[in-house]
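Single-letter residue listing:
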Amino acid sequence: MAGPFSQDDLAGHLVPVDKKFSRQWLDALTCRGEAEVFSGEQLRYIGMPVGGIGCGQLYLGGDGRLWHWDIFKSNYHREKHEMRMDAMTMGGHYTKPVSMGEVYSDQNGAKVQQGFAIRAKSDDRVLERSLDQIGFPEVTFRGEYPVGRVSYEDSAFPAKVQLEAFSPFIPLNAKDSALPATVMRFTVTNRTERNCQIELAGWLQNAVCPYLADTSLGRRVNRLGASASRSSILSTIDGGDAIAAEHGYGSSALTVLQGEGVRIRSAVTLKRPETIFSELEIGTEESAAKPLDQALVGGLGAYFELEPGASKVVTFLVSWYFPRHQKYDRSPDLFTGRHYGPWFHSAGEVADYVVEKAESLIDGTLLWNKTWYDSTLPHWLLDRSMISLGCVATQTFHWFDNDRPWAWEGVDCCEGSCTHVFHYAQGLSRIFPELERKGREIVDYGIAFNEESAGVGYRGDARGLVADDGQAGTILRVYREHQMSADGAFLKRIWPKVKRSIAYLMAKDPDADGILTEPQAHTLDATWTGKIAWISSMYLAALAAGEAMARELGDEGFAESCRGILDRGYKSIVDELFDGEYFIHKPDESAPAHLNTNRGCHIDQLLGQSWIHQVGLGRVVPKKETVSALESLWKYNFAPDAGAYAIRHREIEQAFRWYAMEGEAGLLMTTWPKGGAKEAIPGDKLRPAKNPELWTGPGGYFNECMNGFEYQVAGHMVSEGEADGSLVEKGLAIMKAVHDRYGAAKRNPYNEIECSDHYIRSMASYGVFLAACGFAYHGPEGRIGFAPKVHPEDFRAPFTAAEGWGTFSQRISAGSMRASLRIRWGSLSLNTISLKPIGFRPRQVEVTYRGQALAAGVSWGEDRTVVRLGERLKLETGMSVTVKLS
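What counts, and at which threshold
Residues numbered from 1 in each chain as written. Predicted model: local features only at pLDDT ≥ 70, side-chain atom pairs only at ≥ 80, totals over all residues. Heavy atoms only, no water. Helix = DSSP H or I, 4+ residues; strand = E, 2+ residues; numbered from the N terminus. Rg over C-alpha atoms; globule rule 2.2 N^0.38 Å. Buried < 20%, exposed > 50% of the residue type's maximum accessible area, 1.4 Å probe, protein only. Contact = heavy atoms within 4.5 Å. Areas by Shrake-Rupley, 256 points an atom, 1.4 Å probe, with all protein chains shown as cover. Lys, Arg positive; Asp, Glu negative; His and termini not counted. Charge placed at Lys NZ, Arg CZ, Asp CG, Glu CD. Disulfide = S-S within 2.5 Å. 1 Å grid on protein atoms, 1.4 Å probe; cavity = no way out; pocket = protein on both sides within 12 Å on 5 of 7 lines; lining within 4 Å. Points joined across faces, edges and corners; volume = space filled by probe spheres on them. Nonpolar A, V, L, I, M, F, W, Y, C, P; charged D, E, K, R; others polar. Salt bridge = Lys/Arg side-chain N within 4 Å of Asp/Glu carboxyl O. Pairing = 2+ DSSP bridges. Expected span 1.5 Å × (residues − 1). Bend = angle between axes of the 7 residues up to and from the residue. Axes fitted to C-alpha atoms, helices over the stretch in contact; angles between N-to-C directions. Parallel < 35°, antiparallel > 145°, perpendicular 65-115°, else oblique. Left-handed = near helix turned anticlockwise from the far one by under 90°. pLDDT = per-residue confidence, 0-100.

### What to know about the overall build of the protein
Each helix and strand in the protein was counted, giving 21 helices and 38 strands. The C-alpha radius of gyration computed for the protein amounts to 28 Å, which stays within 12% of the reference 29 Å derived for 886 residues, consistent with globular compactness. When its C-alpha atoms are laid out on the principal axes, the protein stretches across 85 × 70 × 60 Å. Counting every position in the protein, which comprises 886 residues, the buried fraction comes to 63%. Across the protein, contacts joining residues at least 24 apart in sequence account for 72% of those joining residues at least 6 apart. Accessible surface, the protein as shown: approximately 31,600 Å² in total, 48% of it carbon and sulfur. The positive charge centre, built from 96 side chains, and the negative charge centre, built from 111, are 2 Å apart in the protein.

### Looking at the state of the cysteines
In protein structure, a disulfide is the covalent linkage between the sulfur atoms of two cysteines. Under the defined criterion, the tally for this structure stands at one disulfide. A sulfur-sulfur separation of 2.3 Å characterises the disulfide bridge that pairs Cys413 with Cys755. Taking the sign of the S-S torsion, -100° for the link of Cys413 and Cys755, the bridge is left-handed. With Cys413 in the loop between strand S20 (405-407) and helix H8 (419-422) and Cys755 in the loop between helix H20 (726-741) and helix H21 (765-773), this pair connects stretches of sequence that are 342 residues apart. This pair shows no difference in class: Cys413 is buried, exactly as Cys755 is. Free cysteine: Cys391, not disulfide-bonded; nearest cysteine sulfur from Cys755 at 13 Å.

### Some words on the layout of surface pockets
Where empty space is left can be seen by rolling a probe of water-molecule size over the atoms. Considered as a void within the structure, the largest pocket measures approximately 1,200 Å³ in volume. Gly616, Leu617, Gly618, Asp863 and Arg864 are the residues nearest the centre of the largest pocket, which is lined by 37 residues in total. Secondary-structure elements contributing two or more residues to the lining of the largest pocket are helix H11 (468-483), helix H15 (607-615), helix H19 (707-720), H21, strand S29 (776-778), strand S30 (783-785), strand S33 (816-835) and strand S37 (865-876). Ranked by residues supplied to the lining of the largest pocket, first place goes to H15 with four residues. Considering only residue class, the lining of the largest pocket consists of 12 nonpolar, 13 polar and 12 charged.

### Details of the pattern of salt bridges
A side chain of one charge can pair with a side chain of the opposite charge if their charged atoms are brought near each other. Scanning all chains against the criterion turns up 58 salt bridges. Taking the shortest distance from any N to any O, the salt bridge between Glu144 and Arg142 comes out at 3.1 Å. Of the two residues, Glu144 and Arg142, neither departs from the other in class, the shared state being buried. The partner of Glu664 in a salt bridge is Arg747, with the nearest N and O atoms 3.0 Å apart. With a gap of 83 residues between them, Glu664 in the loop between helix H17 (642-648) and strand S27 (666-667) and Arg747 in the loop between H20 and H21 connect regions that are remote in the sequence. One exposure class covers both Glu664 and Arg747, and it is buried. Shared partners join several salt bridges into a network, and the residues in it are Arg142, Glu144, Arg149, Glu164, Arg185 and Asp383.

### Thoughts on the pairing of strand S12 (residues 219-226)
The pairing of S12 with strand S13 (residues 230-238) spans eight bridges and is classified as antiparallel. Bridging across to S13, Arg219 finds its partner in Asp238. The antiparallel hairpin formed by S12 and S13 contains three residues in its connecting segment. Where S12 meets strand S16 (residues 287-291), five bridges bridge the pair, whose relative direction is antiparallel. Looking at S16, one finds that Arg223 is bridged to Ser287.

### Quick word on unusual backbone geometry
Here the bond from Tyr145 into Pro146 is cis, since omega is 15°, no more than 30 degrees from zero. Even without glycine at this site, His68 takes up a positive phi of about 55°. Within the fold, His68 resides in strand S4 (residues 66-70). We classify His68 as buried; its relative accessible area is 11%. Despite not being glycine, Asp412 shows a phi value in the positive range, around 60°. When you line up the elements, Asp412 lands in the loop between S20 and H8.

### Some thoughts on helix H16 (residues 623-637)
Over its 15 residues, H16 extends 20 Å from the first C-alpha to the last, a length consistent with the 21 Å expected when each residue adds 1.5 Å. When we look at burial in H16, the residues that qualify are Glu625, Thr626, Ala629, Leu630, Ser632, Leu633, Trp634, Tyr636 and Asn637.

### Description of helix H12 (residues 489-506)
Taking 1.5 Å of rise per residue, 18 residues should cover 26 Å, and H12 covers 26 Å from first to last C-alpha, within 8% of that figure. Trp495 marks the point of greatest bend in H12, at about 60°, and the proline Pro496 comes within the next four residues. Along H12, the positions that sit buried rather than exposed are Phe490, Leu491, Ile494, Trp495, Val498, Ser501, Ile502, Tyr504, Leu505 and Met506. Buried residues in H12 make contact with helix H10 (433-447), H11, helix H13 (533-552) and helix H14 (556-577).

### A closer look at the side chain of Gln114
Looking at where Gln114 falls in the secondary structure, it is placed in strand S5 (residues 114-122). Residues in contact with Gln114, not counting those within four places in the same chain, are Arg65, Leu66, Trp69, Trp203 and Leu204.

### Observations regarding empty space enclosed by the protein
Under the counting rule described, the total for this entry stands at eight cavities of 30 Å³ or more. Considering the residues around the largest cavity, the lining is formed by 14 residues, among which Pro405, Ser417, Phe422, Gly439 and Arg440 are closest to the centre. For the lining of the largest cavity, the secondary structure elements donating two or more residues are S20 and H10. Of the residues forming the lining of the largest cavity, the biggest block, six residues, is contributed by H10. A class-by-class count of the residues in the lining of the largest cavity yields eight nonpolar, two polar and four charged.

### Things to note about the packing of H11 against H12
With their axes 10 Å apart at the nearest point, H11 and H12 run at an angle of 155° to one another. In terms of orientation, H11 lies roughly antiparallel with respect to H12. Note that H11 runs across H12; the crossing there is left-handed. For the pair H11 and H12, contact is made by Asp468, Gln471, Ala472, Ile475, Val478, Glu481 and His482 and by Phe490, Leu491, Ile494, Val498, Ser501, Ile502, Tyr504 and Leu505, respectively.

### Re the pairing of S13
Taken across its nine residues, S13 has seven buried, putting it largely inside the fold. Summarising the sheet, S13 and strand S14 (residues 251-257) pair through six bridges and their orientation is antiparallel. Looking at S14, one finds that Leu234 is bridged to Ala253.

### Observations concerning the sheet that holds strand S10 (residues 181-190)
Reading across from one edge, S1-S7-S8-S9-S10-S18-S14-S13-S12-S16 is the order of the 10 strands in this open sheet, with antiparallel pairing throughout. Since the sheet does not close on itself, it has two edges, and those belong to strand S1 (38-39) and S16, each with one partner. Sheet strands in contact with helix H6 (residues 358-373) are strand S7 (140-144), strand S8 (147-152), strand S9 (159-166), S10, S14 and strand S18 (311-321), and its direction is about 90° off that of S8.

### Remarks on the sheet that holds S4
Taken together, the three strands give an open sheet; going across it, the order is S2-S3-S4, and neighbouring strands pair in antiparallel fashion. Only two strands of the sheet have a single neighbouring strand rather than two, namely strand S2 (47-49) and S4. Adjacent strand axes in the sheet meet at a mean angle of 30° when their direction is disregarded. For S2 and strand S3 (residues 57-61), the ladder comprises three bridges, and the chain directions are antiparallel.

### Focus: the environment of Ala310
Along the chain, Ala310 falls in the loop between strand S17 (297-306) and S18. Put simply, Ala310 and Pro168 are 142 residues apart on the chain and 27 Å apart in space, counted from C-alpha to C-alpha. Leave out the neighbours within four places in its chain, and Ala310 touches Val188, Thr189 and Asn190.

### Focus on the confidence of the model for the protein
In this model, the protein carries an average pLDDT of 90, and 91% of its residues clear a pLDDT of 70 or more. Across residues 685-696, confidence stays below pLDDT 50; counting only partners more than four residues off in sequence or on other chains, it has 26 contacts.

See below:
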């Protein structure tokens, strides 16, 4: 990919200026390319989340088996999180990732017997195969989160099987995307020239309360349930109400949907899964029970006949109902129950709901999957932008039965929907904006809002510490959530508190010059003093959002207050903190020595300007200096061999976590090309690194590559760059380096790690996608816009809005441009459409809707042409609008 590098390349600074990437690797950054398909040893670590939002954690393995069953009452016993380097190297399982079938002492997933098998009868031959890598050694996996596709094919077997596994996932429909169920949709095709009889069977262990073995507490029970549309085996524990209340009994179910020409057989108890076909043939019982210390496994089979070349779809469901949460020692009254508790009463009811709404739930998920990949953008970019959303379908993210969303930073690591981490995440707000609005209203400006100080407790507690970057990020998120709303009701409800939270930051800028000077707590788990470029840039971004919100609500006085400080800050951040190449930190020399980046080139130095691009508010830092700083990050921080850098670097004797191994590229958190590294961690703050098993604190962050931070820089570079230009290429290179680090041969591509698994900050990857589209949107005002940065001459990509989603496309030729918006789901309300013609200035505009010309005007902004419709337009599902500029 890059190199080789000589000693001369590393002279004076351990990050080479010339990255020496191959032309082939660079060209692949913007090429559509082929979809990644994994096989063989690449399947070992694959674990794609396939449960609903906030429903626990369940993985789809590379060969189609389900594993990491972490769905049972959040698993009873959770050890207090200890950040030890032996367990937390690369966030737990990075250098030694967990594979399916391996069990580590610090894993919470239970072992559950589950699987599928197929039997084919053709030409008097009967062949049986398990649907896994044992039965089909050439099995392949294609992950398109939320859908995992597993292909089973063997020249010696008469049928081929395609599995599509997912939990219903429909953007803008949070409830139906938060179901405790996994769909296993099999398409079986007869490969032969003769009729073929097929038997497709699945089995599932009764794993209710999987850690209970005391036989006095009850028995495991499987019961058969059937209707015209489905057959199910419901698994429960028969132990009485008192025991159920203490241990949180729930239920699980294996279901097969009835289809035309399909006959269902069942066995409520199997002796062995390997003999499932013979046992299904004789199964007649409707219930079975065993002691808690014995395995009880039930099975279902679907029988049908296929003509030569014919295919049939058979759908199984795995559903569960474990609505209770564990207690948490830091806040014992926090956890109540899971959101789905009031919706259902059993796993059987969950299955009934999915079966009843199968057309909308299954077809809706597959429609989104098709819409997402109906794009000219590279497959790898689409993959990586969406993969990080999987964290909401793991034990990282919870949605309580009191309607409150809540999240760890990563699985079981750092509680409270942390403001200084969550604000980097751009994906959830665009896919499920309802959940983000709940986070702002119920949590940040609800239980976490300190009525006296107007600070937002950074871990969801009004009595807790306020992180200044998190406070600013929360203000920006309010504006983003407002933009992703259909009207202004959300903003009106919380504006008084939002306004006060902006004033909280203003109070830390006594000179009103746009530079914070009071001590500032932040995401590097420390409080720094002095003038810090990146936190002040966030302050300026919050002021810009505050001005925009105030003007929309008619609060002109407050808007002008924000604008005054913002104008001064636009100048002072350059005068005070730009060193000629990049933005720095000036510690307060009168304060006690503390962690700092001083003259270092820090990854987040322009975080505020990066954020502003996500909400379309122009500039808070001048363009020239911004581009210079981003180029400096590429020059000084982007290491084509970040692992080797970490090994060689000895200026800071500090332990760190290995997020990039030797030979892997990454953007380093901070480097000191002009000196200052030794002053970054004062002696009394430096813990000895002689014992690498002990986590040594935030000083170690400086040497690391953490993907959430890398994504925000990547998105910023793409936003600032010209279409297909050098800065766009560099931004995509940073993102692709992360994607390559998560290659399937090395580790799980679907588990992005920081201080723990499935880390929330990684949802910043969606911001790179938005930047590549040049997407801008304001729901209440009916504004949408695109300015693609990758091959704008022929561009197509998905988009989401407040009430619907669909596809945008454009083509540019000599002197003309044609763009269209098509709604695939929901609706879209429009007043204006902004576009970016390249190579010409439009003189005419034509707008077509439902075959009719619409009245429209056109105006020109700094870098976009704005088409104003004569009247507000409402596009419904299946409708489109086309704009032609010439």
